Amino acid sequence: ALPRYAGSFNSACEKSANPLPCVVFVPEKKQYYMYYNSYVNGKISPLLATSEDGVNFVSHPACRDRAIMEHIGELACVYYDSTADEKSRFKALCVCGDGKSERIIKDPVFESADGIHWEKTSRQWHNHAAEPPAFCFYNPIKQKHTILCRPDAGVRRVCRVFTEDF
């Protein structure tokens, strides 16, 4: 059973939703976006729910029955990058397998202007096979983006990854 949240969450895929959501406040929309992994047509897929108050969420119309990103394994984290230009303001840190085994081998970055329509980049956010969840923030002292994540698949420690530009 899924854990109980303080607010509410209404999703067609709620029964299969991964209870490790990533919530981002979107200043331009004055809304909270909650990204989460769920199963759509038998494959784990990232979905989106939105909220006005950050407590009560509903599925976004763009992904009621389909994933918002294609050809990924799992979503580790979505990050709102206020230092980036508008077309790449949202960053999705994903993990992918090789399609032949359960082993995670790639960690691609997806970018979006609106947090709904995504493009896969050629960049990797991690040099090993990280696993969800991850957390990203901008560190103004180091002037770098900081990612907290697992150092490798199956490893239950936390490491820090720094980047100036993804």
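Quick caveat, the model's predicted, so the values are computed rather than measured.

Caption draft 1: How the structure looks around the state of the cysteines. Overall, the coordinates contain 0 disulfides when judged by the stated rule. Cysteine Cys-22 is unpaired, with the sulfur of Cys-77 as its nearest cysteine sulfur at 4.1 Å. Cys-22 gets classed as buried once you look at its relative accessible area, which sits at 15%.

Caption draft 2: Structural context of the nonpolar core. Membership of the largest hydrophobic core comes to 32 residues, with the highest contact counts inside it found for Tyr-35, Val-78, Trp-125 and Ile-147. Of all the elements in the fold, those that place two or more residues in this core are β2 (22-26), β3 (31-40), β6 (74-80), β7 (90-97), β9 (108-112) and β12 (144-149). The next biggest cluster of nonpolar side chains, apart from the first, holds 6 residues, and it includes Met-34, Leu-47, Ala-49 and Phe-57.

Caption draft 3: Up close: the side chain of Ser-112. Summarising the element assignment, Ser-112 is placed in strand β9. Of note is the side chain of Ser-112, whose polar atom sits 2.8 Å from the backbone oxygen of His-117. Setting aside residues up to four positions removed in sequence, Ser-112 forms contacts with Glu-86, Lys-87, Ser-88, Arg-89, Phe-90, His-117 and Trp-118.

Caption draft 4: Spatial organisation of the environment of Lys-87. Inspection of the secondary structure puts Lys-87 in the loop between β6 and β7. Residues Lys-87 and Glu-111, spaced 24 residues apart in sequence, show a C-alpha to C-alpha distance of 7.8 Å. Sequence-distant contacts of Lys-87, that is, excluding residues within four places in its chain, are made with Ser-112 and Ala-113.

Caption draft 5: Focus on the side chain of Arg-89. Of note, Arg-89 is situated in the loop between β6 and β7. This buried residue, Arg-89, is left without a salt bridge; Glu-28 holds the nearest opposite charge, at 4.1 Å. Polar contacts involving the side chain of Arg-89 include one to the main-chain carbonyl oxygen of Ala-84, which spans 2.8 Å. Arg-89 has contacts with Glu-28, Tyr-79, Tyr-80, Asp-81, Ser-82, Ala-84, Ser-112 and Ala-113, leaving out every residue within four places of it along the chain.

Caption draft 6: Main features of the packing of aromatic side chains. Under the definition given, this model contains 7 aromatic pairs. Aromatic ring contacts, followed pair by pair, group Tyr-33, Tyr-35, Tyr-80, Phe-90 and Trp-118 into a single cluster. Over the aromatic face of Phe-162 sits the side chain of Lys-142, whose NZ or CZ is 5.2 Å from the ring centroid.

Caption draft 7: Fine view of the pairing of strand β11 (residues 135-139). Bridge count between β11 and β12: 5 bridges; the pairing is antiparallel. Residue pairing across strands places Cys-136 opposite Ile-147, the latter belonging to β12. Counted between consecutive antiparallel strands, the loop separating β11 from β12 contains 4 residues, among which Gln-143 sits at a positive phi close to 55 degrees.

Caption draft 8: Spotlight on the sheet that holds β12. The 3 strands are arranged β11-β12-β13 in an open sheet whose pairing can be described as antiparallel. Pairing within the sheet leaves two strands with one partner each, and these edge strands are β11 and β13 (159-163). When the angles between neighbouring strand axes are averaged without regard to direction, this sheet yields 25 degrees.

What counts and how
- Residues numbered from 1 in each chain as written.
- Predicted model: local features only at pLDDT ≥ 70, side-chain atom pairs only at ≥ 80, totals over all residues.
- Heavy atoms only, no water.
- Disulfide = S-S within 2.5 Å.
- Buried < 20%, exposed > 50% of the residue type's maximum accessible area, 1.4 Å probe, protein only.
- Core = buried A, V, L, I, M, F, W, Y, C linked by side-chain atoms within 4.5 Å.
- Helix = DSSP H or I, 4+ residues; strand = E, 2+ residues; numbered from the N terminus.
- Polar contact = N/O pair within 3.5 Å; in protein donor to acceptor, adjacent residues only side chain to side chain.
- Contact = heavy atoms within 4.5 Å.
- Lys, Arg positive; Asp, Glu negative; His and termini not counted.
- Salt bridge = Lys/Arg side-chain N within 4 Å of Asp/Glu carboxyl O.
- Phe/Tyr/Trp six-rings, centres within 6.5 Å; stacked < 30°, edge-to-face > 60°.
- Lys NZ or Arg CZ within 6 Å of the ring centre and 35° of its normal.
- Pairing = 2+ DSSP bridges.
- Axes fitted to C-alpha atoms, helices over the stretch in contact; angles between N-to-C directions.

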